[in-house]
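Structure at a glance
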Amino acid sequence: MGLDAILFQVLTGVGKGMNLFLLASGLSLIYGVLNVVNFAHATFYLIAAYICYTITGLFPNGYWLALILAPIGAALLGGICERLFSRLYDKEHYTQIMLAWGLILVFGDLMKLTWGREGKMVPTPNALAGGVPLLGGNFPITYIFVIGVAAAVGIALYVVLYRTKVGIDVRAAAADAEMTSALGVPVDKLYNIVFMVACWLAGVGGVIATLLSPIYLGGDLEIILAAFIIVIIGGMGSILGSLVGSLIYGVVFALGILVLPRFALVFLYVLMVLVLIFRPYGLLGRPR
Amino acid sequence: MILGLAIIVALPFVVGISWVLLVTELAILVLYAMAYNLTMGVTGMLSFGHGGLFGAGAYILAIAMIKGDIPMPYALLAAPILTALITLVIGWLCIRLTGIYFAILTLAFGQLIWATIWKMRTITGGDDGLTGLQVPSVMASPTNQYFCILAIVMLAVLSIKIIVDSPFGFTLKTIRENQTRAQCIGINVKRYQLLAFTASGLFTGLAGALFAIIMRGAFVEFATVARAFEPLFAGILGGMHVFWGPAFGAGVLLSLDIFIGAYTEYWPLVAGGILILLVLFLPEGIVGRIQSMRKARAQRLNQSSA
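The text that follows walks through the structure, step by step, so that each part is easy to find. (Residues numbered from 1 in each chain as written. Chains lettered and ligands numbered in written order. Predicted model: local features only at pLDDT ≥ 70, side-chain atom pairs only at ≥ 80, totals over all residues.)

1. Describing the overall build of chain A
To keep things clear, this is the line we draw: Secondary structure follows DSSP: runs of H or I at least 4 residues long count as helices, runs of E at least 2 residues long count as strands, and numbering of each begins at the N terminus. Note on method: radius of gyration uses C-alpha positions; expected globular size equals 2.2 Å times residues raised to 0.38. Whether a residue is buried, exposed or partly exposed is read from the other C-beta atoms within 10 Å of its own C-beta, which are placed from the backbone; 20 or more gives buried, 12 or fewer gives exposed, and intermediate counts give partly exposed.
On a plain count of helices and strands, chain A comes out with 11 helices and two strands. Reading the helices (α) and strands (β) of chain A from amino to carboxyl end gives α-α-α-α-β-β-α-α-α-α-α-α-α. Relative to the compact-globule value of 19 Å for 288 residues, chain A shows a C-alpha radius of gyration of 19 Å, a close match. With the C-alpha coordinates aligned to their principal axes, the bounding extent of chain A is approximately 60 × 50 × 35 Å. Out of the 288 residues in chain A, the part that is buried amounts to 50%.

2. Focus: the overall build of chain B
Worth spelling out the cut-off: Residues are defined as contacting one another if the C-beta atoms placed from their backbone atoms lie within 7 Å.
Check the secondary structure of chain B and you find 14 helices and two strands. Taken against the 2.2 N^0.38 rule, which gives 19 Å for 306 residues, the C-alpha radius of gyration of chain B at 20 Å falls within 12% of a compact globule. The C-alpha extent of chain B, read off along each of the three principal axes, is 65 × 50 × 35 Å. Within chain B, buried positions represent 47% of all 306 residues. Summarising the internal contacts of chain B: among those between residues at least 6 apart in sequence, 77% fall at separations of at least 24.

3. Description of the interface of chain B and chain A
Condition: Note that Gly is not counted as nonpolar here; it falls among the polar residues with everything else outside the nonpolar set of Ala, Val, Leu, Ile, Met, Phe, Trp, Tyr, Cys and Pro and the charged set of Asp, Glu, Lys and Arg.
Each partner contributes residues to the interface: chain B has 30 residues there, and chain A has 29 residues. Broken down by secondary-structure element, the contributors of at least two residues to the side of chain B that touches chain A are α5 (99–119), α11 (225–238) and α13 (267–281) of chain B. Here the residues of the side of chain B that touches chain A are counted per class, giving 24 nonpolar, four polar and two charged.

4. Quick word on the packing of helix α3 (residues 50–67) of chain B against helix α4 (residues 72–94) of chain B
All names here are of chain B. Under the convention used in this document: Fitted lines through C-alpha atoms give the axes, limited to the stretch in contact for helices. The angle between two N-to-C directions lies from 0 to 180 degrees. Definitions for this section: a left-handed crossing has its near helix turned counterclockwise from the far helix by less than a right angle. A right-handed crossing has that turn clockwise.
Between α3 and α4, the shortest axis-to-axis distance is 8 Å and the interhelical angle comes to 145°. Once α3 is placed against α4, the crossing between them reads as right-handed. Here α3 contributes Leu53, Ala56, Gly57, Ile60, Leu61, Ala64 and Met65 to the contact with α4, which in turn contributes Met72, Ala75, Leu76, Ala78, Ala79, Pro80, Leu82, Thr83, Ile86 and Thr87.

5. Examining the nonpolar core
For clarity, the cut-off: Defined on buried residues, the nonpolar core groups Ala, Val, Leu, Ile, Met, Phe, Trp, Tyr and Cys residues joined through C-beta atoms within 7 Å.
Counting 199 residues, the largest nonpolar core has Ala48(A), Val194(A), Ala227(A), Leu31(B) and Leu61(B) as the members making the most contacts within it. The biggest single contributor to this core is helix α8 (residues 187–209) of chain A, with 16 residues. Beyond its immediate chain neighbours, meaning those up to four positions away, Ala48(A) contacts Ala70(A), Pro71(A), Gly73(A), Ala74(A), Ala202(A), Gly203(A), Gly206(A) and Val207(A).

6. Notes on the pairing of strand β2 (residues 137–140) of chain A
It is a general feature of regular strands that their side chains alternate between the two faces of the sheet. All names here are of chain A. The cut-off we apply is this: Any two strands are treated as partners once DSSP identifies two or more bridges connecting them.
Pairing of strand β1 (residues 131–134) with β2 involves four bridges; the strand directions are antiparallel. Counterpart to Leu134 in the pairing with β2 is Gly137. Between β1 and β2, which pair antiparallel one after the other, the connecting turn spans two residues, and Leu135 there sits at a positive phi close to 55°.

7. Considering the packing of helix α3 (residues 63–85) of chain A against α8(A)
All names here are of chain A. It is at 7 Å that the axes of α3 and α8 come closest, and there the two elements cross at 140°. As α3 runs across α8, the sense of the crossing is right-handed. Residue-level contacts link Ala66, Leu67, Ala70, Pro71, Ile72, Gly73, Ala74, Ala75, Leu77, Gly78, Gly79 and Glu82 of α3 to Tyr191, Asn192, Phe195, Met196, Ala198, Cys199, Trp200, Ala202, Gly203, Val204, Gly206 and Val207 of α8. Across the contact of α3 with α8, the residue classes break down as 17 nonpolar, six polar and one charged.

8. Comments concerning helix α4 (residues 93–115) of chain A
Going by this rule: To estimate how far a helix should reach, multiply one less than its number of residues by 1.5 Å.
In this model, α4(A) (23 residues) spans 32 Å end to end at C-alpha, consistent with the 33 Å of a helix rising 1.5 Å per residue. Gly116(A) lies just past α4(A) and shows a positive phi near 85°.

9. Comments concerning the environment of Trp267(B)
Residues and elements named next belong to chain B. Tracing the sequence through the fold places Trp267 in helix α13. For Trp267, a count of 18 C-beta atoms within 10 Å gives the class partly exposed. Discounting residues that sit within four places of it in the chain, Trp267 has contacts with Asp257, Ile260 and Gly261.

10. Quick notes on helix α6 (residues 165–175) of chain A
Residue and element names in this part refer to chain A. The test is simple: The arc in question is the one traced by the directions running from the helix axis out to the C-beta atoms.
For α6, every residue scored as buried is listed here: Val170, Ala173 and Ala174. Buried residues of α6, viewed axially, fall in a sector of 105°; they line one side. Counted as exposed and oriented over 90 degrees from the buried face of α6: Lys165 and Ala175. In this fold, the buried residues of α6 make contact with α1 (3–34), α5 (141–163), α7 (177–182) and α8.

11. Some thoughts on the environment of Gly108(A)
Tracing the chain through its elements places Gly108(A) in helix α4. Taking C-alpha positions, Gly108(A) is 36 Å from Glu178(A), a pair spaced 70 residues apart along the chain. Not counting residues within four places of it along the chain, the set of residues in contact with Gly108(A) comprises Leu217(A) and Pro268(B).

Okay, structure coming up:
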């Protein structure tokens, strides 16, 4: 295989990875700030994708409207679910995972009720059709869009977390919730907001994902494992870590498909084990 | 205990065939839940890989009997042993991690097994699965099958009980309660965890193999993530720190599955709702709650008499 073709494949991997970054960053955020393992995070991603499908079905050129509305929907749903998780904040992780599994079951059936069993596809909006000639192939504009949006959102996230008062409050709550609360920060409300923002991120990821692949029931279970691998490799609780992890995931998976198409994920499992052997908290993670 | 045995023996002569088949399936799910609890409830290791191990046991038996023409007794011996070997390898890799990392890696391996089953069509039949399992004539009737499987399950559960009640089991519980402390008193935590995980995998493989027998084949659905969550659900329902908790939970779960499944195809919706309520309001499980209520009452009686 020519170097050009390999690089092309790597770039598509970067695209898919950046899409997953939106999902993984939210997951990392929830773990870092609330110490909650949100096994159901990808379900918000999937719900947003379905909502996007509906909106694009209702309005011509609805995709841009969906990009705004669907993540908000996911965030609102997240706000409600956070109230359920809040009862388990200091409990064992497995209880949180079981709560999440219950939510996955409930939402899964609600999605089946609303949208039916068949897979759905969202038509590519005209502005994003076609591709640019690159490396001997036609690199789809949708992938460029995905990378762009994910990068923009990532930068925005960084700015909010490290350059605003809210961001300081969030990081403080992640470091020491009790003390932060004692200093007058409403930590409960903060937790709710953080959860909603994380779900909003997942929602954006889901809407963008509709450009790359079809929507189907059970897609959330496939993606959540990827998200966890990313977050574990990158470091749970680190946003930059989830960026690094996402890029690694995307590239390794894309290359893995070239080598062992049926078992590309194995490379990632091996990588995950290796990373954890040498850096038990992930590449950029820190012990709680 | 004697009453229970009497019921088990008398059952097929009292109720209809569909009930007999149901209880047979229940027995296997009970074994699965108890096997899983060896990892989760007894040793405190959260695992999501058991779905893959269950499927592995089922497929090993099915492949042996359908493709390899191996007679059932040998296949039934091979399946749990080979599954245990697989579990040993997976466990050896996973055990270097703890907590949520361990759980996710086991999930990864469970998915790997599922993907392998799915993709290797020539051996496993892929999406279609393997059918046409020939059961030996001694097990041809539902009643005979019932007795054979019940006997195997009871032996297996008895073995698990012996393990749990033994000094080995006590060490596992010590590790569950406080890993660091266990290490400080000289217990080789990793080795015990690996042994517990492997034993759990052995019985899970047996459960999977038995399931393949009653289903007369093996199908990809035996190894899904949902399958991995079932015994955990049963444990939470019944109670993970009580020996018979997961068994009770498996019974309730299967009953709900059948009864609610008869009315609607949206059983997951109901199951999810129940699970959410359980986790939020009854995390120790039904049997666990009964036990703690009994203890509380006993304490109150003691105090009032003192």
